[in-house]
Amino acid sequence: MVAIWWPDSQFGIVGKRKVSHKGGKKQSTRAEQGNCVMSKIALVDDDRNILTSVSMTLEAEGFEVETYNDGQAALDAFAKRMPDIAVFDIKMPRMDGMDLLQRVRQKSKMPVIFLTSKDDEIDEVLGLRMGADDYVKKPFSQRLLVDRIRTLLRRQEAVAGDIVGDTEETKLMTRGSL
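Parameters at a glance
- Residues numbered from 1 in each chain as written.
- Predicted model: local features only at pLDDT ≥ 70, side-chain atom pairs only at ≥ 80, totals over all residues.
- Heavy atoms only, no water.
- Helix = DSSP H or I, 4+ residues; strand = E, 2+ residues; numbered from the N terminus.
- Buried < 20%, exposed > 50% of the residue type's maximum accessible area, 1.4 Å probe, protein only.
- Contact = heavy atoms within 4.5 Å.
- Salt bridge = Lys/Arg side-chain N within 4 Å of Asp/Glu carboxyl O.
- Arc of directions from axis to C-beta.
- Polar contact = N/O pair within 3.5 Å; in protein donor to acceptor, adjacent residues only side chain to side chain.

A tally of regular secondary structure across the protein chain gives five helices and eight strands. Taken from the N to the C terminus, the helices and strands of the protein chain come in the order β-β-β-β-α-β-α-β-α-β-α-β-α. Across the 178 residues that make up the protein chain, the buried fraction comes to 41%. Across the protein chain, contacts joining residues at least 24 apart in sequence account for 57% of those joining residues at least 6 apart.

In structure tokens:
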């Protein structure tokens, strides 16, 4: 069996295909790793345009997206079902993104990306120190946001042990072995 990375969408390499040959027939299965099909994403922002455009992009890429227009609404929903990853704005009514992150971190290590117009370096440092996994400044590239989400989901899966470790069958390339 060999693992092959393939381009799946306009945003580049997003998945892994395992191909095996049994009895002369070619069989292939698409692995979930890297593709993030049906990973649940919570998008929390008070800007409806951001919610609409980003959720459409993420859904087109195969993600399940739940949108919330303030931190309190998101926190209430998280009590019922925690998403796989979340994207928070910082400046929101009722509960801002910093407070929401602080409350989420009390119960979960779910990956969180701040997507915000707060572009001062001190805000970025504070967000990362409070436990955000990434910080994206508005205006932003939706393509890069999608790839940052995929990266965090891959890392989360690797830490959870959900993916197969490198073996002779799955190893693609090792540093220095070109």
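In this section: the pattern of salt bridges. Two side chains bearing opposite charge may form a pair once their charged atoms approach each other closely. Applying the stated criterion across every chain yields a total of 10 salt bridges. Of the charged contacts, one joins Glu124 and Lys137 as a salt bridge, the two residues approaching to 3.1 Å between their closest N and O atoms. Of this pair, Glu124 sits in helix H4 (residues 121-130) while Lys137 sits in strand S8 (residues 134-137), and the two are 13 residues apart along the sequence. Residue class for Lys137 comes out partly exposed when judged on its relative accessible area of 34%.

Another point: helix H3 (residues 97-105). An α-helix turns once every 3.6 residues. As a result, residues three or four positions apart point the same way. If you check which residues of H3 are buried, you get Gly97, Met98, Leu100, Leu101 and Val104. Projected onto a plane normal to the axis of H3, the buried residues spread over an arc of 160° and lie on a single side. With a side-chain oxygen positioned 3.2 Å from the backbone nitrogen of Met98, the residue opening H3 is Asp96.

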